[in-house]
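# Coordinate analysis (summary)
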Amino acid sequence: MIFRQMFKEKYMRFPEGRAKAATFSYDDGVKADRKLLAVFEKYGLRGTFNLNSLLFDCVNWHDRMDEEETYALFADCGQEIAVHGARHLFLNKVTLAEAVAEVSDCRRYLEEKFGRIVTGMAYAYNGYNSQIMDILGELGISYARTTTAAHSFALPENFLEWHPTCHHGDPQLGALAQKFVRSSPLEEFKNREPWLFFVWGHSYEFDDNDNWQIIEGLAEELSGREDIWFATNGEICSYVGAYRSLVFSADGERVYNPSAQPVWIEVRSKTYMVGAGQTVLFDRQRQLEK
């Protein structure tokens, strides 16, 4: 049965109609990233590594890799790289001109070194403000991750202020992971919005605290589940952007996808794929409850 207020409701679904996605974000480009990447590869996890362009070989700063080590590790690892600032500065504690250079210099370096377009970012020290967010789009940044724990699976309204679910050392990590794996928005009666489990951290923390079992246990719990889309931060942002660009008819029963990638949408408990450049008419056979 379907209630009148649910007849028109539409919910984004991730690729292949999944209702859940998981992503990771790790900062600084340190030698412990090698072990973390091995964990990701073993369990099929996807994520983003945020790099500084002028802090290579700072062995006394959490054992950062040198330039060539960094390139060798991340060039073909199958994960995303993103901006973390050229010098790891508080963007909200320098002049606007310095903040612009901090972001743009790092972006230019990463693009030139790795031969790819880089549009993602993580705020160093969680240093940002409304003025910084206002300029990031002009600098080619499509999303920027904070360190503020949302303790939820909600997608951000503003990707330039993207709060992750939690840090990997958060006391709530275990409970959040269990809820994410064992439950689903598809079980919800009214709020069926998709879930995103977004974990961030620094891989050197696993060495410092001798607790690699945290990420290995989490990876094992998440892996192999067909109902979860494992994606990088950039893939999540791009997909949600494509969904949000959908154009609906006045009655809401027809949708056009102007983007270059297919998206999935749930209407009246039925999931539709809307291909790139495609228009889809929703099935209206289901009647309103009398």
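As the structure is a prediction and not an experimental result, all values here were calculated from the model.

Calculation rules
Residues numbered from 1 in each chain as written. Predicted model: local features only at pLDDT ≥ 70, side-chain atom pairs only at ≥ 80, totals over all residues. Heavy atoms only, no water. Helix = DSSP H or I, 4+ residues; strand = E, 2+ residues; numbered from the N terminus. Rg over C-alpha atoms; globule rule 2.2 N^0.38 Å. Buried < 20%, exposed > 50% of the residue type's maximum accessible area, 1.4 Å probe, protein only. Contact = heavy atoms within 4.5 Å. Areas by Shrake-Rupley, 256 points an atom, 1.4 Å probe, with all protein chains shown as cover. Phe/Tyr/Trp six-rings, centres within 6.5 Å; stacked < 30°, edge-to-face > 60°. Lys NZ or Arg CZ within 6 Å of the ring centre and 35° of its normal. Pairing = 2+ DSSP bridges. Core = buried A, V, L, I, M, F, W, Y, C linked by side-chain atoms within 4.5 Å. Axes fitted to C-alpha atoms, helices over the stretch in contact; angles between N-to-C directions. Left-handed = near helix turned anticlockwise from the far one by under 90°. Nonpolar A, V, L, I, M, F, W, Y, C, P; charged D, E, K, R; others polar. Arc of directions from axis to C-beta. pLDDT = per-residue confidence, 0-100. Parallel < 35°, antiparallel > 145°, perpendicular 65-115°, else oblique.

## Description of the overall build of the protein
- Looking only at helices and strands, the protein has 8 helices and 14 strands in total.
- Taking 19 Å as the expected radius of gyration for a compact globule of 290 residues, we find that the protein reaches 20 Å, a close match to that expectation.
- Its C-alpha atoms put the protein at 70 × 40 × 30 Å along the principal axes.
- Burial analysis of the protein (290 residues in total) assigns 52% to the buried set.
- Here the contacts in the protein between residues at least 6 apart in sequence split such that 65% fall between residues at least 24 apart.
- On the protein, roughly 13,400 Å² of surface is accessible, and the fraction owed to carbon and sulfur atoms is 49%.

## Quick notes on the environment of glycine 275
- With respect to the helices and strands, the residue glycine 275 is situated in the loop between strand E13 (270–274) and strand E14 (279–281).
- By relative accessible area, which is 10% here, glycine 275 ends up buried.
- For the pair glycine 275 and asparagine 257, spaced 18 residues apart in sequence, the C-alpha to C-alpha distance is 6.7 Å.

## Details of the packing of aromatic side chains
- Per the counting criterion, the structure on display carries 21 aromatic pairs.
- Site record: aromatic cluster; members linked through ring pairs are Phe24, Tyr26, Phe40, Phe49, Phe74, Phe206 and Trp212.
- Here lysine 20 stacks its cationic end above the ring of phenylalanine 180, 5.2 Å away from the centre of that ring.
- One cation-aromatic arrangement involves lysine 93 over phenylalanine 90; the distance from NZ or CZ to the ring centre is 4.1 Å.

## Describing the sheet that holds strand E11 (residues 254–256)
- Across the sheet, 3 strands lie side by side as E10-E11-E14; this open sheet has antiparallel pairing. Strands at the two margins of the open sheet, each flanked by one partner only, are strand E10 (247–248) and E14.

## Section: the nonpolar core
- Of all hydrophobic cores here, the largest spans 58 residues; its most connected members are Tyr123, Leu136 and Phe197.
- With 6 residues, the single largest contributor to this core is helix H3 (residues 96–114).
- Dropping the residues within four chain positions of it, phenylalanine 197 is found in contact with Ala21, Ala22, Thr23, Phe153, Thr165, Leu173, Leu176, Ala177, Phe180, Leu218 and Leu222.
- Core analysis: the second largest hydrophobic core is formed by 28 residues, Phe14, Ala82, Leu246 and Tyr272 among them.

## Digging into the sheet that holds strand E1 (residues 10–13)
- The strand order across the open sheet formed by 3 strands is E1-E12-E13, and the pairing between neighbours is antiparallel. Across the chains shown, the open sheet's two edge strands, defined by having one partner strand only, are E1 and E13. Recorded for the sheet is a direction-independent mean angle of 30 degrees between the axes of neighbouring strands.
- Of the pairings in the sheet, the one linking strand E12 (residues 263–267) to E13 comprises 5 bridges and is antiparallel in character.

## Overview of unusual backbone geometry
- Of note, glutamate 16 is a non-glycine position whose phi angle comes to about 65 degrees, a positive value.
- The residue glutamate 16 is located in the loop between E1 and strand E2 (20–27) in this model.
- For histidine 88, which is not glycine, the phi torsion reads 60 degrees and is therefore positive.
- Here histidine 88 shows up in the loop between strand E4 (80–83) and H3.

## Re the packing of helix H2 (residues 67–74) against H3
- Relative to each other, H2 and H3 sit at 65 degrees, their axes nearing to 11 Å. The crossing of H2 and H3 is right-handed. Residues Glu67, Glu68, Thr70, Tyr71 and Phe74 of H2 pack against Tyr109, Lys113 and Phe114 of H3.
- Taken together, the residues that form the contact of H2 with H3 break down as 4 nonpolar, 1 polar and 3 charged.

## Focus on helix H1 (residues 33–43)
- Burial in H1 covers these residues: Asp33, Leu36, Leu37, Val39, Phe40 and Tyr43. All buried residues of H1 lie within an arc of 155 degrees about the axis, which places them on one face of the element. More than 90 degrees from the buried face of H1, the exposed residues found are Glu41 and Lys42.
- Turning to H1, the residues buried within the fold contact E2, strand E3 (47–51), H2, helix H6 (204–209) and helix H7 (213–222).
- Trailing H1 by a residue or two, glycine 44 shows a phi angle of about 75 degrees, which is positive.

## Re the confidence of the model for the protein
- In this model, the protein carries an average pLDDT of 94, and 96% of its residues clear a pLDDT of 70 or more.
- Under a pLDDT of 50 for its full length, residues 286–290 has, in the predicted model, 13 contacts with residues more than four places off or in other chains.

## Here's the deal with the packing of H1 against H7
- Viewed as axis vectors pointing N to C, H1 and H7 meet at an angle of 15 degrees, and their least axial separation amounts to 9 Å. Classified by the angle their axes make, H1 and H7 are roughly parallel. Considering only the axes of H1 and H7, their crossing is right-handed. Residue-level inspection shows Lys35, Leu36, Val39 and Tyr43 of H1 in contact with H7, the latter providing Ile215, Glu216, Ala219 and Glu220.
- For the contact of H1 with H7, the per-class residue count stands at 5 nonpolar, no polar and 3 charged.

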